[in-house]
Amino acid sequence: MNLLILILYMAIIHFTCKTDKEGMSVLIVSALAITLHIFILLINCILNFIHGHKANGRAYLLSVFLILVIGFSTCLGSASL
């Protein structure tokens, strides 16, 4: 589900953001969106560990790492377009 959300907001950013010569506006907006996404996932991860749902906490932690790796490469890739 998180990858679908990532694809959705990256497509919206890519098609609506005005691109300048170097693609910096796409890079900055993408980085902010990915940072917000990771922050929300980390909060969910911490809350699940606090409430004793260790399996859900580990799943959110895995989602954090996947979104971080895939989002970073997507962010740099969309800036180069």
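Refer to the structure above for everything that follows.
Summarised in this report is the structure supplied together with it. In this text, all values refer to a predicted model and were calculated from it rather than measured experimentally. (Residues numbered from 1 in each chain as written. Predicted model: local features only at pLDDT ≥ 70, side-chain atom pairs only at ≥ 80, totals over all residues. Heavy atoms only, no water.)

**A closer look at the overall build of the protein**
Counted only if it meets this: For the purposes of this entry, the term helix denotes a DSSP run of H or I that reaches at least four residues, the term strand denotes a run of E that reaches at least two, and both are numbered from the N terminus. In this scheme, a residue with accessible area under 20% of its type's maximum is buried, one over 50% is exposed, and one in between is partly exposed, where area comes from a 1.4 Å probe on protein chains only. Note on contacts: a residue pair qualifies if any of its non-hydrogen atoms lie within 4.5 Å across the two residues. The Shrake-Rupley method, run with a 1.4 Å probe, gives the accessible areas here. Residue values count only the displayed protein chains as cover.
Of the regular secondary structure elements, the protein holds three helices and zero strands. Expressed along its principal axes, the backbone C-alpha trace of the protein runs to roughly 50 × 15 × 15 Å. Within the protein, the fraction of its 81 residues that count as buried is 30%. Considering only residue pairs separated by 6 or more positions, the protein has 61% of its internal contacts joining residues 24 or more positions apart. Accessible surface, the protein as shown: approximately 5600 Å² in total, 76% of it carbon and sulfur.

**Examining the nonpolar core**
The following threshold applies: As used here, the term nonpolar core means buried Ala, Val, Leu, Ile, Met, Phe, Trp, Tyr and Cys residues forming a set that is joined through side-chain atoms within 4.5 Å.
In terms of nonpolar packing, the biggest core is built from 14 residues, with L6, Y9, M10, I13, I34, I38 and I67 touching the most fellow members. Of all the elements in the fold, those that place two or more residues in this core are α1 (2-16), α2 (24-50) and α3 (54-80). With five residues, the single largest contributor to this core is α2. With residues near it in sequence (within four places) discarded, L6 still touches I34, H37, I67, I70 and G71.

**Considerations on α2**
Put simply, the rule is: A helix is expected to reach a length of 1.5 Å times the quantity of its residues less one.
The first and last C-alpha atoms of α2 sit 39 Å apart over 27 residues, in line with the 39 Å expected at 1.5 Å per residue. All of the buried residues in α2 are V26, L27, S30, I34, H37, I38, L41, C45 and N48. Following α2 by one or two positions, G52 has its phi on the positive side, about 85°.

**Regarding the environment of F39**
You can see F39 is positioned in helix α2. Since its relative accessible area comes to 51%, F39 is described here as exposed.

**What to know about the side chain of N2**
Which entries qualify depends on this criterion: N or O atoms closer than or at 3.5 Å make up a polar contact, with two conditions inside protein: a donor-capable atom paired with an acceptor-capable one, and, for residues adjacent in sequence, both atoms drawn from side chains.
In this fold, N2 is placed in helix α1. Within the local environment of N2, its side chain forms a polar contact with the side chain of S63, the two groups lying 3.4 Å apart. When neighbours within four sequence positions are excluded, N2 is seen to be in contact with H37, L41, S63 and I67.

**A closer look at the packing of α1 against α2**
The criterion, for reference: Think of each axis as a best-fit line through the C-alpha atoms, taken over the contacting stretch in the case of a helix, with angles from 0 to 180 degrees between the N-to-C directions. For classification, angles of less than 35 degrees are called roughly parallel, those exceeding 145 degrees roughly antiparallel, those between 65 and 115 degrees roughly perpendicular, and all remaining angles oblique. In a left-handed crossing the near helix is turned counterclockwise from the far helix by less than a right angle, and in a right-handed crossing that turn is clockwise.
Where α1 contacts α2, the two axes come as close as 10 Å, and the packing angle between them is 155°. By the angle between their axes, α1 is roughly antiparallel relative to α2. Note on packing geometry: the crossing formed by α1 with α2 is right-handed. For the pair α1 and α2, contact is made by N2, I5, L6, Y9, M10 and I13 and by V26, V29, S30, A33, I34, H37 and L41, respectively.

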